[in-house]
Each structure stands twice: as C-alpha cells, then as structure tokens.
Amino acid sequence: MKYIGGKWRESGFKRYLKSASWSMSSRLFSMVISFVATTYIARSLGPTNFGQLSYALSFVSIFSFIASLGIDGILYRELIKTPEKRNQLLGSALFIKLCAGSIAGITCIISALFFTTDDVSMILIFILTGTFIFNSFQIINHEFQARLDAKYPAIINVSVVIILNILKIFSIITGKGVIYLSLILLLESILYALFYFLAYEIKLKEKVSAWKIKTETVISLLKDSWPLIFSTAFILIYSRIDQIFIKHIIDAKAVGVYDSAVRIAEVWYIIPNVLVTALFPAIISAKKISEDTYNNRLGKFVLLLLALSLIISIPISIFAPLIIKILYGSDFLSGVIVLQIYIWASMGVFLGTLVTNYLIAENYKKILFFTSLLPMLVNVLLNITWIPEYGITGAAYATLISYMLLPLSILFFRQTRTRVIQIFKLMI
C-alpha cells in the first residue's frame, strides 16, 4: 500500500483505476456467466445429483486453507515493497503452495475415507483435490496486481470462465454425469496454471525458471501469514460445514435443494468485495487527515453496505418462491424457506467484509482471530443441534446467526468498541 500511496499522483491514480476496473469487470462478468451456467446445471441434474457435487465441493473447500496457508496477501504486499526480490518471493511461495497443496490433498482424501460413505462422493472428492496443486500457480496473479496490471489476469479469468462453462453445459446436454463435471473443474485449475505461466513468460517477459527457493524467505512468509491461516480456516468451515452436516444427517437431495438457494443468496457477496477493493484505500488514507474524517468515512461506508443489503434482501425474501421456480423448477421449491432466511445473512456478510479489512489494516490480528473463531463455533454447534430437528431450515438459521456474529463480535474488544461508538456518535 505504501507503493500505491507513493504513486497517488494523477498518472499513478489512472494506473490504479485502470487496473481496478479490469479486475472488477472480469469478476462481475465471470460471476454472471457462472451463476447462469450453475443454475442450468442444477436444474438439469436435479436435487440429488446436484447435491452430490455440492457436497464434494464443500468438503474439499474446507481443506483449502491448508493449501493456501494465508500467504497470498503477504506475498502481494512483499511484491509491492520489494519488486527486485520477485524471483525468490515467487519461487519460495510456489514451494510453500505445492507442499501445502500436497498435504491438503492427502488430508482431504484420508478424511473422506472416514466420513464419506458413498462411492460417487469419494470419486468426486478424489478428483477435486487435484485442484490444490494446480491452483498454486495462481500466485503469478499477484505479480500482475503488484505492477498495477490487472488486464491480463482479467482476460485469463474471463477466458477460463467461458471455456469451462461451455464445457459444463455441453457435458449436461450430452448426458454426462457429475464425475465429468468434477473433471471439468479440475481442468479449470490446470487452465489457470497454464495461462498464467504463458502470460508471465510472454507478457511480462520474465522466466519462471529464474525463480529461487530461499529458506529465509519461506520462513518469513510463513511467519507473517500464520495468524491469517486460522481466520481463513474458521471462515471456510462455518461457510461450508452446513452442507456437509446436511449430507450426513439427511441426504444428498437435501444438499442440492439447500445449495440451490444458497447460491442465489451468495451471488450478491461480490458487491462488498468490489466496493471494499475500490473504496477502502480512500478510507484508510483519511486517517492521515484526522480521526473524525476516518470515522466519518467508515460510518458512511457502513450505511452504504447496510442499505445495499436491505435493498437486496427485502425483494428476494418476498419473491423467493417465484425466483426458485423460475431458476430451478418445482423440484427445488422446498428451498424457498432457506432462501428467505439465508438472504438476510447478506447483512452480516456485507458488514463483515468491511470489518475484516478494517482489522487487517489496523493490524488487530488477535481480534481478527476471535471474530472468525466465534462464528465458526456457533455455526457448528447450531448445525449439530438444529439440522436433526429442523432440517435445512435449521441450517439456514444457523448460518444467519453465525454470519451476523462476525461484525457484532468486535463489540467485545475495547479498541474496536471505542471506534464503533465514535462512528455511531458521528452518524447520529
């Protein structure tokens, strides 16, 4: 961020804005294409088969924190601060990612042998664990971002999304099953690795063969990233554990119905991410002006996020039956109540995105750890308690409560509670 701040003149601002525009546009386009394709796939597969795939994806995603080890943000920061060390930073990061990806894959498969009872789910999980290895090469994206050049990563992202979703739809039209879809998802990570490799060599005119593994760099990256490993793990667990519990307590059909509703609610989660990416640097810079200016901008951002979440949640909650029927068909109508409950979790997600970025910016690592741990513990406990009694409705309520806890939990700490009080006073 110091590098970007130093470039905050007109030419630097234009580069930043151009890079951010490419990144946001590609994410929005990819989101729309992926959502349309997933809706078609779910409708064609039916609740049970779609539930099998959703369960496998959720199961594998829980172990992805091992594969990432939370070093992405640290790597991006270091590439900005010390671009001359890119070869040892990227080489060391790739080494960490490959080792961690291998451990994540092995751990995931062993866990599946104990917890997964049907052969189809086991095959799907086995295939999807391959993504841990190939996703390691996406670290090249951080080099492009550090250079404020998001054009080529954006083109790569859109290209892969189009190719993959065409293949997914073709596999459905030709009558292929969920195993073929999982192979296509594995192909996705392979294509990203290949395209990023080519872009790095051709567009940046750099050589992957020049990357070096430095022991001190490996240790430094891991040392700085360890607090983020746990918070990432907690977030992944409480955002996906519900589908795993539903599969084991009820069945795959219930997972399919539940996940179809969840996808409608979660498609909106890109909004706070885009807004934080675009506006949060301006909020942080306000602290250099005065504390009141900083609090004022934070307060206005909170109001913006609350308003947007209400604008989304109210109509979707009202028209949920019509939305489910149009998108998925009558087989998924039992997911209406899930959507009506789950959509209100967007309020917690929108505010939680701001809170997480605020805690990272203020270097409140212990508070970040707690705000991730508490929702996870509550989510797991409520899912275990409520799914056997209330089914997928209980899982939706468990998620709603746990997501709301993330932004509310900062009130337990003096530093952040004081900030909230200051913001509230300015708002009224």
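Scroll up to find the structure.
Residues numbered from 1 in each chain as written. Predicted model: local features only at pLDDT ≥ 70, side-chain atom pairs only at ≥ 80, totals over all residues. Heavy atoms only, no water.

Undergrad: Can you help me understand the pattern of salt bridges in this one?
TA: Think of it this way: side chains of opposite charge can pair up when their charged atoms draw near. Here the structure, examined in full by the defined rule, presents 10 salt bridges. The closest approach of N and O atoms between Glu78 and Lys81, which form a salt bridge, is 3.8 Å. Remark: Lys81 and Glu78 occur in helix H4 (residues 72–81); sequence separation between them is 3 residues, near one turn of the helix. A residue is classified by how much of its surface remains accessible, and Lys81, at 51% relative accessible area, is exposed. Here Arg419 ties to Glu291 by a salt bridge, and the two come within 2.6 Å at their closest N and O atoms. Taken together, the residues Arg419 in helix H20 (residues 414–427) and Glu291 in helix H14 (residues 291–318) connect sequence positions 128 residues apart. (Salt bridge = Lys/Arg side-chain N within 4 Å of Asp/Glu carboxyl O. Helix = DSSP H or I, 4+ residues; strand = E, 2+ residues; numbered from the N terminus. Buried < 20%, exposed > 50% of the residue type's maximum accessible area, 1.4 Å probe, protein only.)

Undergrad: How should I be thinking about the packing of aromatic side chains in this particular structure?
TA: To describe a pair of aromatic rings, you give the distance between the ring centres and the angle between the ring planes. Considering all chains together, one arrives at 12 aromatic pairs under this definition. Taken together, a centroid distance of 6.0 Å and an interplanar angle of 50° make the contact between Tyr55 and Phe59 tilted. Taken together, the positions of Tyr55 and Phe59, both in helix H2 (residues 10–62) and 4 residues apart, correspond to about one turn of that helix. By relative accessible area, which is 4% here, Phe59 ends up buried. A network of ring pairs unites the aromatic residues Tyr55, Phe59 and Phe63 as a single cluster. (Phe/Tyr/Trp six-rings, centres within 6.5 Å; stacked < 30°, edge-to-face > 60°.)

Undergrad: So what exactly am I meant to see when it comes to the nonpolar core here?
TA: Looking at soluble globular proteins, one finds that nonpolar side chains tend to be buried together. Among the nonpolar cores identified, the biggest contains 83 residues, and Phe59, Ile125, Ile246, Tyr258, Ile324 and Leu339 are the most heavily contacted of them. Take this core: its biggest share by element is 11 residues, from H2. In contact with Ile324, other than residues within four places in its own chain, are Ala261, Ile264, Gly329, Phe332, Leu333, Gly335, Val336 and Leu339. Judged by nonpolar contacts, the second largest core, of 32 residues, contains Leu90, Phe144, Leu191 and Tyr200. (Core = buried A, V, L, I, M, F, W, Y, C linked by side-chain atoms within 4.5 Å. Contact = heavy atoms within 4.5 Å.)

Undergrad: When you look at a nonpolar patch on the surface in this model, what are you seeing that I'm missing?
TA: A surface patch of nonpolar side chains, about 580 Å² in accessible area, is lined by Leu310, Ile314, Ile318, Phe319, Leu322 and Ile326. Counting residues per element, the ones that place at least two in the nonpolar patch are H14 and helix H15 (320–327). Looking at the nonpolar patch element by element, the count peaks at 3 residues for H14. Turning to its location among the elements, Ile318 is positioned in helix H14. (Patch = residues over 30% accessible without salt bridge, like charges linked within 9 Å, V, L, I, M, F, W, Y side chains within 5 Å. Areas by Shrake-Rupley, 256 points an atom, 1.4 Å probe, with all protein chains shown as cover.)

Undergrad: Could you clarify how one ought to interpret a positive patch on the surface in this entry?
TA: Positive charge collects at one region of the surface, where Lys18, Lys151, Lys203 and Lys205 lie side by side. Tracing the backbone shows Lys151 in helix H9 (residues 151–173). Assessed through its relative accessible area of 33%, Lys151 is described here as partly exposed. (Lys, Arg positive; Asp, Glu negative; His and termini not counted. Charge placed at Lys NZ, Arg CZ, Asp CG, Glu CD.)

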